[in-house]
Structure formats: structure tokens, C-alpha cells
Amino acid sequence: MMFDEHIASSVATTAADSLALAATPAAAENKSNVFSEMIKELRNGQEWSFAPFGSLHLPYLFYDTDGIHYYANEESLEESHEYTLKAEVPVRVDNGMKPTLDLSVSRNVAILWVVGAIVLFIFSSMAQKYRKSKVPKGLANVLETLIIFVRDEIVVPTSGEVGRRLMPFFLTLFFFILGCNLFGLIPFGHSVTGDVSVTAGLALIAFVLIQISHIRENGIGGYLKHLTGGVHWMMWFIMIPVEFLGLFTKPFALCIRLFANMTAGHVVILSLIGLIFFFQTIFVAPLSVGFALFINILELLVAFIQAYIFTMLTSLFIGIGLPHDHADDHAPAHAQH
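Residues numbered from 1 in each chain as written. Predicted model: local features only at pLDDT ≥ 70, side-chain atom pairs only at ≥ 80, totals over all residues. Heavy atoms only, no water.

## A look at the overall build of the protein chain
(1) Moving on: Helix and strand counts for the protein chain come out as 11 helices and 7 strands.
(2) Moving on: Each of the 337 residues in the protein chain was classed as buried or not, and the buried ones make up 39%.
(3) Moving on: Carbon together with sulfur atoms contributes 69% to the accessible area of the protein chain, which is approximately 18,400 Å² in total. (Helix = DSSP H or I, 4+ residues; strand = E, 2+ residues; numbered from the N terminus. Buried < 20%, exposed > 50% of the residue type's maximum accessible area, 1.4 Å probe, protein only. Areas by Shrake-Rupley, 256 points an atom, 1.4 Å probe, with all protein chains shown as cover.)

Below is the structure:
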């Protein structure tokens, strides 16, 4: 559950705006306009707002039947007379069809690049410091604590030595999701994990790794045998479809769990702010804004929890499909603690 800087700006100005709204005959019409602008900031788009300092207009890039098309911003797109925006979706002017392949750099894509670059820079710098000294200092000390936590409390207890070999992936997964969650708490930030397409991409990567790990450790025969659920062959016609569906319900749960928890904060905050416009009185404003800010602080904890849960479940899904000898490796991991 993350709280954008854009919504924070709306929260900060709502108390003053509510007085004007309550005093004007056009209050009902203004309500819908305010809510439309607030909800608009929750969606992905081609504009990255840095209000009140301006905004960054991200480029459009299409591949269509007549080749590649590039437009620096919305104005150049409209001036081309080839494409236009219909409900914020680019379509061709002549037939109203969407481009064959939309490769535009949206706000979420830009933020994913920024978060990935930040994570890469931090850990590259950390690696260089460790080459000079094995004693961590400052940020490196904090990150080492988190790394050890991910290894000893999440990965090894749930997937054993197989998970230990996959530690680079799990560390990347944990810190990338954590970075995306925290990015929504900084000024001008936006929570990209509140977009189901982003969480679906992360779940798809986890799904591919889970299947590869199971095939590698069990072999093709053992992997297919796992789909029978270990029951008598007369029950295979029931168990095989159930187990096959189970392969996809696991990543689906990863996707929806992360998306729902990130989006829930937006819904709660908008509901609290909506009380001001519903009652149209200044007496509600302090209470609504106070609760909204409290939820924003609470989301700092949620950012870490959701990164933990996604990483833990991915490791657990790998561990439950391993042979029994690998499952026995989990016990010593717990005994060490």
C-alpha cells in the first residue's frame, strides 16, 4: 500500500480547497473534477509530474504496419495527424485502430529503470568497498544485515541448498521490489507495484524460475510424476488437472497479493479524503488528513513486508517441488539458529 507524492500534494491542499468548494454553488461539479484528477494520478501514463516544478513528457514509440513511429510528446503525436489519443490510448486517425506494437516509455517503465539503476549502483559500490575492506560501514552494514536476513531467514529455511545457489536472484527480487515500494514514498515518486502489469511481470519471472528449478532437480520424469500428486493411477484424471492448474495459481497469487496490497493504500486514502468533499465542512478535514498521513507512515512498514512475502513465497514454491533429499536440507538450516 503506497502513497504517491501526487496524492500527498492533494492531501496538503484539500483542507483549504474544501472551504471554497463548500461555499460555491458548483460544489458538486468540482467534486467530480477533483476526484478525476486524483484517480488519474493512480494510473500509468506518458507524463511524470513534478508539480509544482513542471512535468516530464515521456516519448511515444510505435511499431505499425508502415514501420516505426516516434513522437517526443503528446503534442507532436497530435500534430503528426497519423495518431491521436482516445481515452489516453493512442489510435490511428484513419481507422481508429491501436498500433500493432506499443513500445512507448510510460511513467512506470521509466520508474522501473530508475529503481533498477539505483539498486545496481548501490550494490556495485558496496562490492567495490568490500574489495578494499571486509568490515562493512554505513549503508553497507545495513544492507549486509538485510542480505543475511534474506539468506538465513527466508531462502535457506524454505528451499535449502537449491535456494542458496539462487541467492543472486532472491536478493535482486527482494531489493528491487523493496526499492519500487519505497519509491512511492519519496517526493515525485509513484508506486509501480500498484500496477498489475508490473506485478504480473515479476510473477512471470518467478514462475519460469520455479519450473526450471523443479525440472533441474527432479528431471523431466520426476517433474511430470509430480503432476500426479503421488496418488494411485486411477485418480490421475482428477489430480493431473488440479496439479496443472496449481502451477499457475501460485504465480497468480504472487501477482494479485502484491498488486492488491499496494493499491489498497490508494483506495483507503482517497476514501478518507473523499469524506471532506462528502460532508463539505472544515471539521472533517483535520481528521481525514491526519488519518491519511498516518496510513502513509504505515506504508513504510508495508513496503518491507510485501518485499519479504513475495520473496518468501517464491522460495517456498521452489522448495515444495524439490525431491525429499533436498527437503531434508531444511532441517539443519533451522537448527543453526
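## A word on the packing of aromatic side chains
(1) Moving on: Within the structure shown, the criterion is met by 14 aromatic pairs.
(2) Moving on: Judged by centre distance (6.1 Å) and plane angle (65°), the ring pair of tyrosine 71 and tyrosine 83 falls under edge-to-face. One end of the pair, tyrosine 71, is in strand β4 (residues 67-71); the other, tyrosine 83, is in strand β5 (residues 83-86), with 12 residues separating them in the sequence.
(3) Moving on: Judged by its relative accessible area of 7%, tyrosine 71 is buried.
(4) Moving on: An aromatic cluster is built from Trp48, Phe50, Phe53, Phe183 and Phe188, whose rings are joined through pairwise contacts. (Phe/Tyr/Trp six-rings, centres within 6.5 Å; stacked < 30°, edge-to-face > 60°.)

## So, a negative patch on the surface
(1) Moving on: There is a patch of like negative charges on the surface, built from Glu47, Glu74, Glu75, Glu78 and Glu79.
(2) Moving on: No other element matches the 4 residues that helix α3 (residues 74-79) contributes to the negative patch.
(3) Moving on: Of the residues examined, glutamate 47 reaches a relative accessible area of 40% and is grouped as partly exposed. (Patch = residues over 30% accessible without salt bridge, like charges linked within 9 Å, V, L, I, M, F, W, Y side chains within 5 Å. Salt bridge = Lys/Arg side-chain N within 4 Å of Asp/Glu carboxyl O. Lys, Arg positive; Asp, Glu negative; His and termini not counted. Charge placed at Lys NZ, Arg CZ, Asp CG, Glu CD.)

## Observations concerning the layout of surface pockets
(1) Moving on: Empty space within the second largest pocket amounts to approximately 320 Å³.
(2) Moving on: Surrounding the second largest pocket, 16 residues form its lining, Ile118, Ile122, Phe175, Gly179 and Leu182 being those nearest its centre.
(3) Moving on: At the level of elements, α4 (107-132), α5 (139-165) and α6 (167-183) are the ones that each hand at least two residues to the lining of the second largest pocket.
(4) Moving on: Here the residues of the lining of the second largest pocket are counted per class, giving 15 nonpolar, 1 polar and no charged. (1 Å grid on protein atoms, 1.4 Å probe; cavity = no way out; pocket = protein on both sides within 12 Å on 5 of 7 lines; lining within 4 Å. Points joined across faces, edges and corners; volume = space filled by probe spheres on them. Nonpolar A, V, L, I, M, F, W, Y, C, P; charged D, E, K, R; others polar.)

## Concerning the packing of α5 against helix α9 (residues 285-319)
Two quantities define a packed helix pair, namely the angle between the axes and the distance from one axis to the other.
(1) Moving on: Where α5 contacts α9, the two axes come as close as 7 Å, and the packing angle between them is 20°. It follows that α5 is roughly parallel to α9 by the angle criterion. Of the two elements, α5 crosses α9, and the hand of that crossing is left-handed. Together, Phe149, Val150, Ile154, Val155, Thr158, Ser159 and Val162 of α5 and Tyr308, Thr311, Met312, Ser315, Leu316, Ile318 and Gly319 of α9 make up the contact between the two elements.
(2) Moving on: Counted by class, the contact of α5 with α9 contains 9 nonpolar, 5 polar and no charged residues. (Axes fitted to C-alpha atoms, helices over the stretch in contact; angles between N-to-C directions. Parallel < 35°, antiparallel > 145°, perpendicular 65-115°, else oblique. Left-handed = near helix turned anticlockwise from the far one by under 90°. Contact = heavy atoms within 4.5 Å.)

## Let's talk about α6
(1) Moving on: In this model, α6 (17 residues) spans 24 Å end to end at C-alpha, consistent with the 24 Å of a helix rising 1.5 Å per residue.
(2) Moving on: The element α6 is extensively covered by neighbouring structure, given that 13 of its 17 residues are classed as buried. (Expected span 1.5 Å × (residues − 1).)

## Focus on the pattern of salt bridges
(1) Moving on: Evaluated as defined, the whole model comprises 6 salt bridges.
(2) Moving on: A salt bridge links aspartate 64 to arginine 92; the nearest nitrogen and oxygen atoms lie 3.0 Å apart. Of this pair, aspartate 64 sits in strand β3 (residues 60-64) while arginine 92 sits in strand β6 (residues 89-92); the two residues are 28 residues apart in sequence, bridging distant segments of the chain.
(3) Moving on: Classification of arginine 92 as buried rests on a relative accessible area of 14%.
(4) Moving on: Notably, a salt bridge pairs arginine 92 with aspartate 66, separated by 3.6 Å at the nearest N-O pair. Taken together, the residues arginine 92 in strand β6 and aspartate 66 in the loop between β3 and β4 connect sequence positions 26 residues apart.

## Details of the packing of α4 against α5
(1) Moving on: In contact at an axis separation of 11 Å, α4 and α5 are set at 105° when each is read in the N-to-C sense. Judged on the interaxial angle alone, α5 and α4 are roughly perpendicular. Contacts from Ile122, Phe123, Met126 and Tyr130 in α4 reach Leu139, Ala140, Leu143, Glu144 and Ile147 in α5.
(2) Moving on: By residue class, the composition of the contact of α4 with α5 is 8 nonpolar, no polar and 1 charged.

## A closer look at the pairing of β6
Along a regular strand, successive side chains alternate from one face of the sheet to the other.
(1) Moving on: Relative to β6, β5 runs antiparallel, the two sharing 4 bridges. Following the sheet pairing, leucine 85 is matched in β6 by proline 90.
(2) Moving on: Hairpin connection, β5 to β6: the antiparallel pair is bridged by 2 residues, and alanine 87 has positive phi, about 55°. (Pairing = 2+ DSSP bridges.)

## Quick notes on the nonpolar core
(1) Moving on: Among the nonpolar cores identified, the biggest contains 46 residues, and Val115, Val150, Ile177, Leu202, Leu254, Phe310 and Ile318 are the most heavily contacted of them.
(2) Moving on: Put simply, the parts of the chain that give this core at least two residues each are α4, α5, α6, α7 (196-226), α8 (236-279) and α9.
(3) Moving on: Here this core takes 11 residues from α6, the largest share from any one element.
(4) Moving on: Discounting chain neighbours no more than four positions away, the residues touching phenylalanine 310 are Leu173, Ile177, Leu202, Ala203, Leu254 and Leu258.
(5) Moving on: Counting residues in hydrophobic clusters, the runner-up holds 6 residues, among them Ile269, Leu272, Ile273 and Ala292. (Core = buried A, V, L, I, M, F, W, Y, C linked by side-chain atoms within 4.5 Å.)

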